[in-house]
Amino acid sequence: MKFDSIIIGGGLTGLVAGISLQSKGKKCLIVSAGQSALHFFSGSFELCSAPGDYEDALATLPSSHPYSRMGVARTLELASGVKDFFLSSSIKLSGEDKRNHFRITPMGVLKPAWLTLDGYASVPSDRKMPWKKVLVANVGGFLDFHSDFLMAGLEKEGVECIPYIINIPELDRLRTNPTEMRSTNIARALTGNVLCELASQLSKAGAGCDAILLPAVLGLNDPENANSLKARMDIPVEFVATLPPSVPGIRTQLMLKAHFQSLGGTFLMGDTVNEGVFEGNQLKGIKTVNHADMVFQADNFILATGSFFSRGIKASSTEVFESVFGLDVDYTEERPQWYSPDVFEKQPYMEFGVRTDDKFRVSRDGNVLSNVYAAGSVLSGFNGLKDGCGAGVSILTALDVADRIANGF
Ligand SMILES: Cc1cc2nc3c(=O)[nH]c(=O)nc-3n(C[C@H](O)[C@H](O)[C@H](O)COP(=O)(O)OP(=O)(O)OC[C@H]3O[C@@H](n4cnc5c(N)ncnc54)[C@H](O)[C@@H]3O)c2cc1C
């Protein structure tokens, strides 16, 4: 089977690259082994950890950072189109141009955020709390949302918090077994007429409050149930992230995938790329576990397999390596320097990843592969956690690489 481009990995990076290429008329295949970091998504995309204005902060990043390698001007140019890009998949994001706002973590802490999913609780860049009094609701028996932490954090910021436990008979079945009481199962139950009961309980309990904060357990496939609940209420309802699995993250992934497919893209779910067919300095095709006797061919390939978390990068006791093609990897050879014993310190291994040239093309044994690009968290040179740039690097490098492939530069 022949495609214009094949993308290995169907997380945020692979899907953004796929949608971008399909929109530009390129026939794409995405092969994705399974779960991605989106299943653990906080509800906010991070670009960098600077509070407020981030343009100056981008210029101070080390030269190895993917933003520095694209250039600050190109990074900002790509960033300015991201809200519209997601809107084309019906995903509404809020956030100011070139200024971070703050998201509220499940621990009640304010963290800088670039773009936040519509309907998520957030605080403007001046840190002025949008409410004086809120109802903090949780679902009875749901252990993946700790409203006490959230309330303690909000009260420190001067917000009066009223706790409330939602009791919905339709959720009783889940309560009989604690492993069933997960965000995704709750989201499946909170639909249809159940939303009327939920709206009625919340309206009564939240009377006199400026807003109702709910765990993000509504709308696994699309935002309809959340919108339907809000339409029944006079008080604004806003969501706060739960512990994984992330309902909004799964929804985001499903909506991006649906848009990619509606543009004519092919998505192979639950399959793993395990071999490449090379000719000189070019990759001609790939093989997968489920289609062992078939070679999927393309003109260009994008590696979007993620970092250690998704096993795009792996480590043995002596080396760090790229898991599909054995590509060149940037890492420190001395193992004791891979990590800091203080878990809260910046961890060097977070910056290990695939080595690329100035066009994000990968290399094998020192030779650049002219038609294989890498994007997202598989790349070396940045620490998504400490620099607060995980999704920014994924989205912007995916757009950059897709642009290079489509426009041949
Ligand atoms: C747990 C976690 C939570 C995070 N939360 C946030 C957040 O809330 N906000 C933020 O800004 N950033 C967050 N990040 C940073 C995150 O890295 C990016 O936001 C982004 O989602 C990463 O996307 P990715 O597509 O590059 O990698 P991944 O999401 O890791 O996706 C890689 C995909 O490739 C697939 N794959 C791997 N190998 C193969 C193969 N051989 N064949 C086929 N498929 C393969 C995997 O199954 C996976 O689906 C988080 C990171 C982690 C690890």
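Provided above is the structure to which this section pertains.
We now turn to the structure provided with this report. Note that this is a predicted model, so its numbers are computed, not measured.

Definitions and cut-offs
- Residues numbered from 1 in each chain as written.
- Predicted model: local features only at pLDDT ≥ 70, side-chain atom pairs only at ≥ 80, totals over all residues.
- Heavy atoms only, no water.
- Pairing = 2+ DSSP bridges.
- Helix = DSSP H or I, 4+ residues; strand = E, 2+ residues; numbered from the N terminus.
- Phe/Tyr/Trp six-rings, centres within 6.5 Å; stacked < 30°, edge-to-face > 60°.
- Buried < 20%, exposed > 50% of the residue type's maximum accessible area, 1.4 Å probe, protein only.
- Lys NZ or Arg CZ within 6 Å of the ring centre and 35° of its normal.
- Right-handed = clockwise from strand over helix to strand, strands pointing away.
- Axes fitted to C-alpha atoms, helices over the stretch in contact; angles between N-to-C directions.
- Parallel < 35°, antiparallel > 145°, perpendicular 65-115°, else oblique.
- Contact = heavy atoms within 4.5 Å.
- Nonpolar A, V, L, I, M, F, W, Y, C, P; charged D, E, K, R; others polar.

**Looking at the sheet that holds strand 3 (residues 44-45)**
Argument step 1. One open sheet holds the 3 strands; their spatial order is 3-7-4, and the pairing between them is antiparallel. The open sheet is flanked by strand 3 and strand 4 (93-94), the only strands paired with a single partner.
Argument step 2. Examined bridge by bridge, strand 4 and strand 7 (residues 115-117) share 2 bridges and lie antiparallel to one another. Within strand 7, the residue paired with leucine 93 across the bridge is leucine 117.

**A few points about the packing of aromatic side chains**
Argument step 1. Per the counting criterion, the structure on display carries 9 aromatic pairs.
Argument step 2. When the ring of phenylalanine 40 is compared with that of phenylalanine 309, the centres are 5.0 Å apart and the planes differ by 90 degrees; the resulting orientation is edge-to-face. In this pair, phenylalanine 40 sits in the loop between strand 2 (28-32) and strand 3 while phenylalanine 309 sits in the loop between strand 16 (296-303) and strand 17 (313-315), placing the two residues 269 residues apart along the sequence.
Argument step 3. Where phenylalanine 45 meets phenylalanine 86, the ring centres are 5.2 Å apart and the plane angle is 50 degrees; that geometry is what we call tilted. Remark: phenylalanine 86 occurs in helix 5 (residues 82-87) and phenylalanine 45 occurs in strand 3; sequence separation between them is 41 residues.
Argument step 4. Overall, the relative accessible area of 1% leaves phenylalanine 45 in the buried class.
Argument step 5. On the accessibility criterion, phenylalanine 86 (0% relative accessible area) is buried.
Argument step 6. Taken together, the ring pairs in this structure connect Phe41, Phe45, Phe85 and Phe86 into an aromatic cluster.
Argument step 7. Positioned above the aromatic ring of phenylalanine 102 is the side chain of arginine 127, whose terminal nitrogen or guanidinium carbon lies 5.1 Å from the ring centre.

**Describing the sheet that holds strand 8 (residues 122-123)**
Argument step 1. Strand order across the open sheet formed by 3 strands is 6-5-8, with antiparallel pairing between neighbours. Strand pairing shows two members of the sheet lacking a second neighbour, strand 6 (110-113) and strand 8, which therefore form its edges.
Argument step 2. With 4 bridges joining them, strand 5 (residues 101-104) and strand 6 adopt antiparallel strand pairing. Residue pairing for strand 6: phenylalanine 102 is matched across the bridge by proline 112.

**Section: the pairing of strand 9 (residues 133-139)**
Argument step 1. Of all 7 residues making up strand 9, 6 are buried, and the element is well covered by its neighbours.
Argument step 2. As judged from the 7 bridges shared by strand 9 and strand 10 (residues 160-166), these two strands associate in the parallel manner. Each residue of the ladder has a partner; that of leucine 135, found in strand 10, is isoleucine 162.
Argument step 3. Taken together, strand 9, helix 6 (residues 147-156) and strand 10 form a β-α-β motif whose crossover is right-handed.

**Some points on the environment of leucine 385**
Argument step 1. When you line up the elements, leucine 385 lands in the loop between strand 22 (367-374) and helix 12 (390-407).
Argument step 2. Under the relative-accessibility criterion, leucine 385 is labelled exposed at 65%.
Argument step 3. Residues leucine 385 and phenylalanine 145 lie 240 residues apart in sequence; the distance between their C-alpha atoms is 22 Å.

**Observations regarding the packing of helix 4 (residues 72-80) against helix 12**
Argument step 1. Two numbers describe how helix 4 lies on helix 12: the axes approach to 10 Å, and their chain directions differ by 100 degrees. Between helix 4 and helix 12, the angle is such that the two are roughly perpendicular. Touching Arg74, Thr75, Leu78 and Ala79 of helix 4 are Leu396, Leu399, Asp400 and Asp403, all from helix 12.
Argument step 2. Class assignment of the residues belonging to the contact of helix 4 with helix 12 gives a composition of 4 nonpolar, 1 polar and 3 charged.

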